[in-house]
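Residue-level structure breakdown
Here's the letter readout for the chains.
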Amino acid sequence: MEATLLEQGITLMLVGMGTVFVFLTVLVVGMTLMSTAAMRLAPAPDTAGVTDEEIAAISAAITQHRKANTK
């Protein structure tokens, strides 16, 4: 039996959507695994090096910048 044009279109649509779904699923799984591996291998950020004086100086600089650039 010959497939009609509508049946061919539906088949093509399902194959295309299935291919995209599988590709995106593989992409999400791959990105999740890479993220997990990167988090395990990357060193922890050093936040202990910031002093209270540095935080105060940065806050003052931001405040001064905002006051100078406010319209």
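Before going into details, it helps to say that this report is about the structure given with it. (Residues numbered from 1 in each chain as written. Predicted model: local features only at pLDDT ≥ 70, side-chain atom pairs only at ≥ 80, totals over all residues. Heavy atoms only, no water.)

1. What about the overall build of the chain?
- Broken down by element type, the chain carries two helices and zero strands.
- Against the 2.2 N^0.38 benchmark of 11 Å for 71 residues, the chain shows a C-alpha radius of gyration of 28 Å, more extended than a compact globule.
- Taken along its principal axes, the extent of the C-alpha atoms in the chain is 80 × 45 × 10 Å.
- Among the 71 residues that make up the chain, the fraction classed as buried is 0%.
- By element, 71% of the accessible surface of the chain is carried by carbon and sulfur atoms, the whole surface being about 6900 Å².
- Charge-centre separation for the chain: the mean point of 4 positive side chains lies 17 Å from the mean point of 6 negative side chains. (Helix = DSSP H or I, 4+ residues; strand = E, 2+ residues; numbered from the N terminus. Rg over C-alpha atoms; globule rule 2.2 N^0.38 Å. Buried < 20%, exposed > 50% of the residue type's maximum accessible area, 1.4 Å probe, protein only. Areas by Shrake-Rupley, 256 points an atom, 1.4 Å probe, with all protein chains shown as cover. Lys, Arg positive; Asp, Glu negative; His and termini not counted. Charge placed at Lys NZ, Arg CZ, Asp CG, Glu CD.)

2. Points about the environment of glutamine 8
- Along the chain, glutamine 8 turns up in helix α1 (residues 5–41).
- Glutamine 8 sits 34 residues away from alanine 42 along the chain, and the two C-alpha atoms are 50 Å apart.

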